[in-house]
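# Report on the structure
Chain by chain, the residues run as shown.
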Amino acid sequence: MREINNNASLIVIDVQKGFEHPYWGRRDNPAAEENIAALIRAWRTAGRPIVLVRHDSVPPGSPLEPGTPGNELKDVVVEAMGGSEADLFVSKTVNSAFYGAPDLAGWLRERGIGQIVIAGIQTNMCNEITARMGGNLGFDVLYPIDAMHTFDAVGPDGEVVTAEELTRATAASLHHGRFATVLRTSELI
């Protein structure tokens with residue numbers, strides 16, 4: 001099991017109902033939500049800080065558009081929170097939670113939090129970009145690869161890159177570049 005700081009913050013990114021829309025296509029890791037919920041429950045039990053992040057898509061028409069059911073957090077997150085409020089709720093319109101409001105980096109630093117755990121949707125998009133920025137900002141980033149998922153994507157050559165391939169590439173990139181420690185949920189709880 002990986003050593004977790006007493007004040008390590010769990011950052012749950014974009015676990016929203018809109019990601020269940022067919023628009024996104026095929027996904028990987030059907031156990032992602034179960035692992036995300038396990039992390040939230042473990043963090044609540046330990047009294048560690050939890051940050052929830054929501055993507056508010058612009059322009060209109062996105063499955064994550066503000067004011068639509070797709071913008072809401074998935075029930076699994078709400079249930080795992082058990083009626084508790086997040087220590088911080090960040091709204092963002094771009095891929096990194098560090099470019100949301102309120103200021104995530106400032107909030108973490110004000111509380112002396114140097115270690116963050118990233119979970120949520122999507123592995124190779126908002127999660128990866130937040131991890132890279134977190135590493136660049138000097139945070140110790142833990143990346144439980146099984147507490148997130150992504151979708152198949154079409155490359156510039158028109159070929160489909162599977163969600164599993166994207167997940168492997170993200171894990172290798174973050175590990176090789178020393179942006180984050182890539183691990184499993186079981187290593188954190």
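Quick note: structure is the one above.
Residues numbered from 1 in each chain as written. Predicted model: local features only at pLDDT ≥ 70, side-chain atom pairs only at ≥ 80, totals over all residues. Heavy atoms only, no water.

Glancing now at the pairing of strand β2 (residues 50–55). Within β2, five of the six residues are buried, which leaves the element mostly enclosed by the surrounding structure. The β-α-β motif built from strand β1 (residues 9–13), the intervening helix α1 (residues 32–46) and the parallel element β2 has right-handed crossover chirality. As paired strands, β2 and strand β3 (residues 88–92) are joined by five bridges and run parallel to one another. Note that in β3 the partner of Arg 54 across the bridge is Ser 91. As for the winding sense of the linkage, the β-α-β connection from β2 through helix α2 (residues 75–81) to β3 is right-handed. (Buried < 20%, exposed > 50% of the residue type's maximum accessible area, 1.4 Å probe, protein only. Helix = DSSP H or I, 4+ residues; strand = E, 2+ residues; numbered from the N terminus. Right-handed = clockwise from strand over helix to strand, strands pointing away. Pairing = 2+ DSSP bridges.)

Quick look at unusual backbone geometry now. Residue Pro 102 follows Ala 101 across a cis peptide bond; omega there is -5°. For Pro 102, the position within the fold is in the loop between β3 and α3 (104–110). The omega torsion across Ile 121 and Gln 122 is 0°, close enough to zero to call that bond cis. Here Gln 122 lies in the loop between β4 (115–121) and α4 (123–136). If you check the backbone angles, Asp 14 has positive phi at about 55° while not being a glycine. Its place among the elements puts Asp 14 in the loop between β1 and α1. Positive phi outside glycine occurs at Arg 178, with the angle close to 60°. Examined against the element boundaries, Arg 178 turns out to sit in the loop between α5 (163–176) and β9 (181–183).

With that out of the way, let us pick up the packing of aromatic side chains. Inspection of every chain in the model, using the stated rule, returns five aromatic pairs. Aromatic side chains Phe 98 and Phe 139 sit 5.9 Å apart centroid to centroid with 20° between the ring planes, which places their arrangement in the stacked category. Within this pair, whereas Phe 98 is found in the loop between β3 and α3, its partner Phe 139 is found in the loop between α4 and β5 (140–144), the two being separated by 41 residues in sequence. Note on Phe 98: relative accessible area 6%, which makes it buried. Put simply, the rings of Phe 19, Tyr 23, Trp 24 and Phe 151 touch in pairs and so form one group of aromatic residues. Over the aromatic face of Trp 43 sits the side chain of Arg 48, whose NZ or CZ is 5.2 Å from the ring centroid. (Phe/Tyr/Trp six-rings, centres within 6.5 Å; stacked < 30°, edge-to-face > 60°. Lys NZ or Arg CZ within 6 Å of the ring centre and 35° of its normal.)

Any two side chains of opposite charge can pair, so long as their charged atoms come close to each other. Applying the stated criterion across every chain yields a total of twelve salt bridges. Asp 146 is paired through a salt bridge with Arg 184; the nearest N and O atoms lie 3.9 Å apart. One end of the pair, Asp 146, is in the loop between β5 and β6 (148–149); the other, Arg 184, is in the segment after β9, with 38 residues separating them in the sequence. Overall, Arg 184 belongs to the partly exposed group, its relative accessible area being 43%. Each of Glu 20, Arg 27, Glu 33 and Lys 74 takes part in one network of salt bridges that share partners. (Salt bridge = Lys/Arg side-chain N within 4 Å of Asp/Glu carboxyl O.)

Let us look at α4. The end-to-end C-alpha distance of α4, which contains 14 residues, comes to 18 Å, matching closely the 20 Å that a straight helix rising 1.5 Å per residue would cover. For α4, every residue scored as buried is listed here: Thr 123, Asn 124, Cys 126, Asn 127, Glu 128, Thr 130, Ala 131 and Gly 134. In this fold, the buried residues of α4 make contact with β1, β3, β4, β5, β6 and α5. Once α4 ends, the next one or two residues include Gly 138, with phi positive near 95°. (Expected span 1.5 Å × (residues − 1). Contact = heavy atoms within 4.5 Å.)

All right, on to the environment of Ile 145 then. Its place among the elements puts Ile 145 in the loop between β5 and β6. Dropping the residues within four chain positions of it, Ile 145 is found in contact with Asn 29, Thr 123, Thr 167, Ala 171, Val 182, Leu 183 and Arg 184.

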